[in-house]
Amino acid sequence: MRVVDFHVHLPLRDAGGDPRGALGLLLREMGEASVYAAVAIAIEASPAVIRRHVSPSKLKRAVEPLAYDWKTLSHPSLYGALVNPERSLEDHLRLIERHLAPSEAVVEAAAASGGRVLAVASYCRLSTPEEYVERLERLRRAGPLIGVKIYPTFHFIRPDHESLEPIYDYMESEGLVLIVHTGCDPGLWELPAFCTYATPRYLEPVARRHRDLVIVAAHMGSYSYLFPGIYFADALRAARGHDNIYLDTSATTLHQVKLALSKVGHEKLLYGSDYPYFSGLHMKDILEAYLEFRVPERVKAAILHENAERILSTLGVRLKPAEGPPEV
Ligand SMILES: [Zn+2]
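For every chain, the first residue of the written sequence is number 1, and numbering continues from 1 onward in sequence order. With pLDDT at 70 or above as the cut-off, local features in this predicted model cover only qualifying residues; side-chain atom pairs require 80 or more to be listed or tallied, and sums for whole chains, interfaces and linings still use all residues. Excluded from the side-chain calculation are hydrogens and water; included are all heavy atoms of the structure.

### Description of the packing of helix α1 (residues 19-33) against helix α15 (residues 283-291)
Consideration 1: Comment: axis = line fitted to C-alpha atoms, over the contacting stretch for helices; angle = value between 0 and 180 degrees taken between N-to-C directions. A run of DSSP states H or I qualifies as a helix once it reaches four residues; a run of E qualifies as a strand once it reaches two. Both are numbered from the N-terminal end. The geometry of α1 relative to α15 is characterised by a closest axis approach of 8 Å and an angle of 35 degrees between their N-to-C directions. Note that α1 runs across α15; the crossing there is right-handed. Each of L26, E29, M30, E32 and A33 in α1 lies in contact with α15, whose residues at this interface are M283, K284 and L287.
Consideration 2: In this count, Pro and Cys sit with the nonpolar residues alongside Ala, Val, Leu, Ile, Met, Phe, Trp and Tyr, while Asp, Glu, Lys and Arg are called charged and the others, Gly among them, polar. In the contact of α1 with α15, the residues fall into five nonpolar, no polar and three charged. A crossing counts as left-handed when the near helix is turned anticlockwise from the far one by less than a right angle, and as right-handed when that turn is clockwise. We call two residues contacting when some pair of their heavy atoms lies within 4.5 Å.

### Re the pattern of salt bridges
Consideration 1: What counts as a salt bridge is simple: a side-chain nitrogen of Lys or Arg found within 4 Å of a carboxyl oxygen of Asp or Glu. One pass over the full model with this rule turns up 15 salt bridges.
Consideration 2: Two residues, E309 and R2, come together in a salt bridge whose shortest N-O distance is 3.0 Å. With E309 in helix α16 (residues 297-314) and R2 in the segment before β1 (4-8), this pair connects stretches of sequence that are 307 residues apart.
Consideration 3: Type-normalised accessible area, obtained with a 1.4 Å probe on protein chains alone, sets the label of each residue: buried when under 20%, exposed when over 50%, and partly exposed for intermediate values. Residue classification places E309 among the buried positions, given a relative accessible area of 17%.
Consideration 4: Note that E174 is salt-bridged to R140, the shortest N-O span being 2.9 Å. Taken together, the positions of E174 in helix α10 (residues 165-174) and R140 in helix α8 (residues 129-142) put the pair 34 residues apart, joining distant regions of the chain.
Consideration 5: The class of R140 is partly exposed, set by a relative accessible area of 28%.

Here is the structure:
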């Protein structure tokens with residue numbers, strides 16, 4: 001079975017910050033899992049933006065209603081927010097910094113991948129929409145950039161915010177995909193107060209205003225440690241009601257995938273592993289579960305490669321055939 005992984009990240013940290021080294025690690029994983037193409041998504045966050053929106057006292061207020069939940073007490077970041085919000089915030093900012101993958105690094109790696117890795121830039125709240133569009137143009141000249149991802153959690157922006165309109169107009173006319181992180185995010189971003197912008201509900205007005213913009217709700221609105229499946233129902237409704245909203249399966253369970261199949265149909269699901277964010281597992285392990293998934297082969301093929309290939313080809317992106325060893 002041909003496989004396109006629509007949601008991976010560049011393992012920059014494991015490669016000491018070197019994009020080419022990280023590409024080598026990613027291609028090795030892809031080779032072992034027989035994944036022939038992957039969409040590598042950048043992660044950018046600004047401590048200044050986060051500090052502007054989260055103060056220690058706000059953090060304390062956000063965690064206090066959950067103080068009697070054992071899940072809160074057993075979660076190091078959330079417990080930390082309860083007993084020492086100042087320190088917890090600083091620790092969290094450091095944690096985020098370790099996981100950043102700048103768009104330029106991801107595009108550099110994709111450009112050197114021989115067509116096997118496609119890059120998705122990260123939205124950045126620090127620039128004006130016009131500056132960001134200029135940056136996207138520079139990135140597109142540097143390598144195979146196919147889209148932009150917004151993290152409503154730590155970018156603190158609702159995906160339907162009007163300030164994003166110039167970016168969406170540009171993306172729609174240029175055939176770039178919009179990926180939006182939906183659900184909660186690890187650490188302090190588990191707190192409902194900080195993840196309410198990340199419901200797929202806010203993708204619906206965007207999908208209506210930009211009918212030619214392909215929108216992917218990453219994680220099907222489900223990712224959450226405290227409240228698993230937090231916005232799953234919203235994701236199903238958004239994908240069912242809008243031709244241009246898709247769901248990616250990264251960080252979800254096969255049970256949820258099965259439900260999504262019955263509620264929105266197999267044409268709307270894209271396989272994603274979220275590599276390297278699954279501790280102790282390899283890309284191959286995640287994929288194996290899908291290969292053994294008890295659904296008809298045509299459904300499996302749709303999720304694992306056909307939908308991705310169809311979307312990419314309508315956007316003018318041609319994937320390299322699966323044959324041959326990975327090029328490093
Ligand atoms: Zn991810």
